[in-house]
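# Notes for the structure review
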Amino acid sequence: MKVLYTTKGSATGGRTGSAGSEDGRLKVTLDTPKELGGNGGEGTNPEQLFAAGYSACFLGALKFIAGKAKVQLSPDTKVTATVGIGPRDDGRGFGLDVALQVAVPGFDKTVAEQLVEQAHLVCPYSNATRGNLDVRLSVA
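What you are looking at is a predicted structure, and each value in this text was computed from that prediction instead of being measured.

What counts as what
- Each chain carries its own residue numbering, running from 1 in the written order of its sequence.
- In keeping with the model being predicted, local features are shown solely for residues with a pLDDT of at least 70 and side-chain atom pairs are shown and tallied solely at 80 or more, while totals for entire chains, interfaces and linings include all residues.
- Computation of side-chain values: all heavy atoms of the structure, hydrogens and water removed.
- Strand pairing requires that DSSP identify at least two bridges connecting the strands.
- Helix numbers and strand numbers start at the N terminus; a helix is a DSSP run of H or I with at least 4 residues, a strand a run of E with at least 2.
- In this analysis, axes come from line fits to C-alpha atoms, helices being fitted only over the stretch in contact, and the angle between any two N-to-C directions falls in the range 0 to 180 degrees.
- Here a salt bridge means any side-chain nitrogen of Lys or Arg lying within 4 Å of a carboxyl oxygen belonging to Asp or Glu.
- Only protein chains enter the calculation, and the probe is 1.4 Å; a residue is then buried if its accessible area is under 20% of its type maximum, exposed if over 50%, and partly exposed in between.

### With respect to the sheet that holds strand E2 (residues 18-21)
Here we have three strands laid out as an open sheet, ordered E1-E2-E3, and antiparallel in their pairing. Here the strands that pair on one side only, and so sit at the sheet edges, are strand E1 (9-12) and strand E3 (27-29). Here the strands of the sheet are splayed against their neighbours by 15° on average, with no regard to which way each runs. Pairing of E2 with E3, which is carried by three bridges, proceeds in the antiparallel orientation. Among the inter-strand pairings, Ala19 is bridged to a residue of E3, identified as Val28.

### Let's talk about the pattern of salt bridges
Using the criterion set out here, one finds four salt bridges in the structure. The partner of Glu47 in a salt bridge is Arg15, with the nearest N and O atoms 2.5 Å apart. Highlighted residues: Glu47 in helix H1 (residues 46-68) and Arg15 in the loop between E1 and E2, separated in sequence by 32 residues. Looking at Glu47, the relative accessible area reads 11%, which means it is buried.

Encoded structure:
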């Protein structure tokens, strides 16, 4: 693979600490949600960061596929990632549960579903999780 872009991120303090990017553009306070035994403070958490990153990446992949198909997506096109965390059924640590809901205004649902399926094949997050997570796709 020819790498086109590289970045670095670091965290301190685990789920109750801070994280950011090497260039300083991303700086976040981390807090553990009450559901995971934390204080539910004002900070974000890895699941929220993953949901936001996956949503943005998938929308980028959808735009790429639409461009190849020579169709224009509405600026209101939206990807919402729902990310859950919990103990794995096999007892080996924790796992993620991921669902992507895609709203593609102005497109027939069948056409939108085809674009979403193709985007799922090229999205780097989808490729990274394939075989590890059952990512559920839906078109709103």
